[in-house]
Amino acid sequence: MSPSRIQLTGVSKHWGATTAVDDISFDVAPGQFVILLGPSGCGKSTTLRMIAGLEEASQGTIHIGERDVTRASPGDRGLSMVFQSYALFPHLNVAENILFGLRSRRVPRAERDKRLAHVAKLVDLAPYLARKPANLSGGQRQRVALARAIVSEHPICLMDEPLSNLDARLRADMRREIKALQRRLNMTVIYVTHDQVEAMSMGDRVILMQHGRIVQDGTPSELYNQPASAFAASFIGSPAMNLLPLVALDSAAVIDGDTTPVAPLEAAGGKLGVRPEDIELRADHEPGVAAHIVSEEYLGADTVVHAAVGNHVLRVRLAGRPVLAEKKSYRLYWASAKAHLFAENGLRLEHLAPRAFTAAQRSVSRPPLVGSFQH
Amino acid sequence: MTLTAHRKLQLYGALLLLPAALLLGLFAYLPTISTVIQSLFLPGFRGAPPEFVGLDNYRYLFEDPKFWLVARNNLIYALGTIPTSMALSLAMALLVNRQLPGRGLVRMAYFTPTILPMIAAANIWMFFYAPQIGLFNKLLGAFGLGGMNWLGDPGVALYSIIVMSVWKEAGFFMLFYLAALQAIPPELKEAADLEGTSRWRFFWRVTFPLLMPTTLFVLINALINAVRVVDHLFILTKGGPNNATNLLLYYVYENAFAFFDRTTAATITVVILLVLAVVATLKFTLLDRRTHYQ
């Protein structure tokens, strides 16, 4: 078995009466880029720190390769870590910072120098080796932290929100660089973040956590297209998915305050989820739910329109800058395959399919309007 | 004369400085200058004006074997208290910085000697050191060992004073080290742990260098205290036996207020000031450059 396989079995962490991580199991294949995603306090960092050995698991076992490392010391697990604060030694220069671990492990000098030169080139730090961390920009410090993780040549690298201290533009660059570096060195990476953009763009696989448990474990597209719960649905995607309470009306479920059937009767009490980008704005007589425009946010490439349906307001994402009339009635339309149903407890209702809109629901004898609202 | 805006600003700044400058001048610089002047004169007898004698007072002082005895005592006292109390305070700070049952209690216990006034502490130690009923001799007696005359034996008395001073000072310095230790981000230890860095190596490669500014600060304070604090001598030995525990500042006090020899007192004071100034300059030029300030 490869030494870079990571296996967690029934791992929990308790602090007194509170449970930070509750019975988590997953298996990371060598070379995989796995994201631990979740809001703050969901246990993702604690999980990472238990893999690193910085916290001891209260229950369960952790295997790296074939070894049970549940009680092994951090230095004995063959992994490196990048910290959110970078954890650079402020009194040592860049070269000394990068080589700190190799010197602790008594790697011979010639070997150290060779690896330093190689890594410094890899992360573009060669001109800065003599500088102290205080004289580096945020992005450069981040690179030093990366270099320190790479230089150890451990097959596993753990990253704890490594980009959250950078500004937005640098973050986008570093996302690509880290991903490219991981591919090139074929590292196994477990990456903790609360930023769904990082999760979607970098991960081969995303493990979404909430309240110390795994909500969903899948590829980014699985998380986006088949969210396992209302929480997963609202956490992935920006702007967030619309989640609308369903109530029973006659023989079907409708959006609270509306009359158009959108789901089978059994879905009433649960929620309907539709992503803003999956909604089309159509003319009043076409199939869909009746809506009127509340406000709009112009974002350049697209516009987020807030439209009221029944007692609720939906976000609708339209390309460009459509011309909309405030008082006029519209229809919101979505393909039934793009809608999601969630039960009252938030879990996805796999066996129920949302209803498709049909023109027959309300036959209108007027001729259709020409053109779409999305030019 | 009209005031330009620039001049007004300067005047404003000078006025803001005035209160501090006045206090410093009146109570620090003026006495220093008058002491230096006093050390260059011999007082006149029966109302005669003081006589300028140049550096004669210093020559007499340097020819006085008692001065050299006291200076040597003070050197031993400094060498005995400074490194010991600093090492001890660092060790205590490292200990109570960790997770420890009853940590708050231990911290308080370490700090207690600092809260005690020196006079009170010296009184407590009087009872520890007392030849017949003292704690130390009782303890030694319990093991069947003969007691010592801790404060009465000229060969032992100075070291007894040193031990008491270390006890008194270490807790105070621990406070600075503890504050500095808590300013070191815990991630540094974690990052080192992931590389399998030993505790010993982490201390010398990371903790100690990062504590260097504190060490310098504590060093200067310890040095000043080694010359400045003599309260305990009044209680414990009064400089005796046979000047075995006499320290420079106590000697200054003796000269000024027991022997009424203000001139010698002034001369010794100037010598102390010069020595301290030289040491402080060395500290700022040599050690500061090699210290990492965050």
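Residues numbered from 1 in each chain as written. Chains lettered and ligands numbered in written order. Predicted model: local features only at pLDDT ≥ 70, side-chain atom pairs only at ≥ 80, totals over all residues. Heavy atoms only, no water.

Per an unreviewed UniProt entry, chain B goes by the name Sugar ABC transporter permease and belongs to Halomonas dongshanensis. Word for word, the UniProt comment on chain B under Sequence similarities (unreviewed entry) is "Belongs to the binding-protein-dependent transport system permease family." Taken from UniProt, the Subcellular location (unreviewed entry) comment for chain B reads in full: "Cell membrane". (UniProt positions renumbered as here; feature names shortened; annotations may be inferred.)

Named according to an unreviewed UniProt entry, chain A is ABC transporter ATP-binding protein originating from Halomonas dongshanensis.

Undergrad: What is the right way to read the overall build of chain B from this model?
TA: In terms of regular secondary structure, chain B is built from 12 helices and two strands. Taken over C-alpha atoms, the radius of gyration comes to 24 Å for chain B, far larger than the 19 Å a tight globule of 294 residues would show. With the C-alpha coordinates of chain B rotated into their principal frame, the extents come out at 75 × 75 × 30 Å. Expressed as a percentage of its 294 residues, the buried residues of chain B come to 38%. (Helix = DSSP H or I, 4+ residues; strand = E, 2+ residues; numbered from the N terminus. Rg over C-alpha atoms; globule rule 2.2 N^0.38 Å. Buried < 20%, exposed > 50% of the residue type's maximum accessible area, 1.4 Å probe, protein only.)

Undergrad: Sorry, what's going on with the domain arrangement of chain A here?
TA: Residues and elements named next belong to chain A. Parsing chain A into structural domains produces domain 1 (6-231) and domain 2 (241-362). For domain 1 versus domain 2, the distance between C-alpha centres works out to 40 Å. Taken together, the contact between domain 1 and domain 2 spans eight residues of the former and nine residues of the latter. Together domain 1 and domain 2 conceal approximately 680 Å² of surface at their shared face, both sides included; 55% is due to carbon and sulfur atoms. If you sort the residues of domain 1 by the area they bury against domain 2, Tyr224, Pro227 and Ala230 come out on top, with a joint share of 67%. Applying the counting rule to domain 1 against domain 2 returns zero salt bridges. Across the contact surface, domain 1 and domain 2 share five residue pairs in polar contact (both at pLDDT 80 or more). Counting residues per element, the side of domain 1 that touches domain 2 draws most heavily on helix 7 (residues 220-225), at three residues. Residues belonging to the side of domain 1 that touches domain 2 are distributed by class as follows: five nonpolar, three polar and no charged. (Domains from an automatic or database assignment. Contact = heavy atoms within 4.5 Å. Buried area = accessible area lost by both parts, 1.4 Å probe. Salt bridge = Lys/Arg side-chain N within 4 Å of Asp/Glu carboxyl O. Polar contact = N/O pair within 3.5 Å; in protein donor to acceptor, adjacent residues only side chain to side chain. Nonpolar A, V, L, I, M, F, W, Y, C, P; charged D, E, K, R; others polar.)

Undergrad: Mind showing me how you'd approach the nonpolar core here?
TA: Where a protein is soluble and globular, its nonpolar side chains tend to be buried together. Judged by nonpolar contacts, the single largest core of 82 residues is most densely connected at Phe26, Leu158 and Ile190 of chain A. Among the elements that line this core, the one with the most residues is helix 7 (residues 157-182) of chain B, at 12 residues. By size, the runner-up hydrophobic cluster in this structure holds 44 residues, among which are Leu102, Leu116, Ala145 and Leu146 of chain A. (Core = buried A, V, L, I, M, F, W, Y, C linked by side-chain atoms within 4.5 Å.)

Undergrad: How should I be thinking about the pairing of strand 20 (residues 339-342) of chain A in this particular structure?
TA: Both faces of the sheet carry side chains from a regular strand, because those side chains alternate between them. All names here are of chain A. A two-sided burial pattern is seen for strand 20, the buried positions comprising Ala339 and Leu341 on one face and His340 and Phe342 on the other. As paired strands, strand 14 (residues 271-274) and strand 20 are joined by four bridges and run antiparallel to one another. Residue pairing across strands places Lys271 opposite Phe342, the latter belonging to strand 20. (Pairing = 2+ DSSP bridges.)

Undergrad: Could you clarify how one ought to interpret the UniProt feature "domain: ABC transmembrane type-1" (unreviewed entry) in chain B in this entry?
TA: Residues given the UniProt feature "domain: ABC transmembrane type-1" (unreviewed entry) here are residues 71-283 of chain B. For residues 71-283 of chain B, helix accounts for 77% and strand for 0%, while the C-alpha atoms at its two ends are 21 Å apart.

Undergrad: Can you walk me through the packing of aromatic side chains in this structure?
TA: Residues and elements named next belong to chain B. For the structure shown, the criterion picks out 26 aromatic pairs over all chains. When the ring of Phe62 is compared with that of Phe67, the centres are 6.0 Å apart and the planes differ by 55°; the resulting orientation is tilted. When the ring of Phe234 is compared with that of Tyr250, the centres are 4.9 Å apart and the planes differ by 70°; the resulting orientation is edge-to-face. Note that Phe234 is positioned in helix 10 (residues 231-236) and Tyr250 in helix 11 (residues 248-258), a separation of 16 residues in sequence. (Phe/Tyr/Trp six-rings, centres within 6.5 Å; stacked < 30°, edge-to-face > 60°.)

Undergrad: Would you take a moment to explain the side chain of Thr303 of chain A for this structure?
TA: Residues and elements named next belong to chain A. The residue Thr303 is located in strand 17 (residues 302-309) in this model. Side-chain polar atoms of Thr303 contact the backbone oxygen of Gly320, separated by 2.6 Å. Not counting chain neighbours up to four residues away, the residues in contact with Thr303 comprise Glu296, Glu297, Tyr298, Val316, Arg317, Leu318, Gly320, Arg321 and Pro322.

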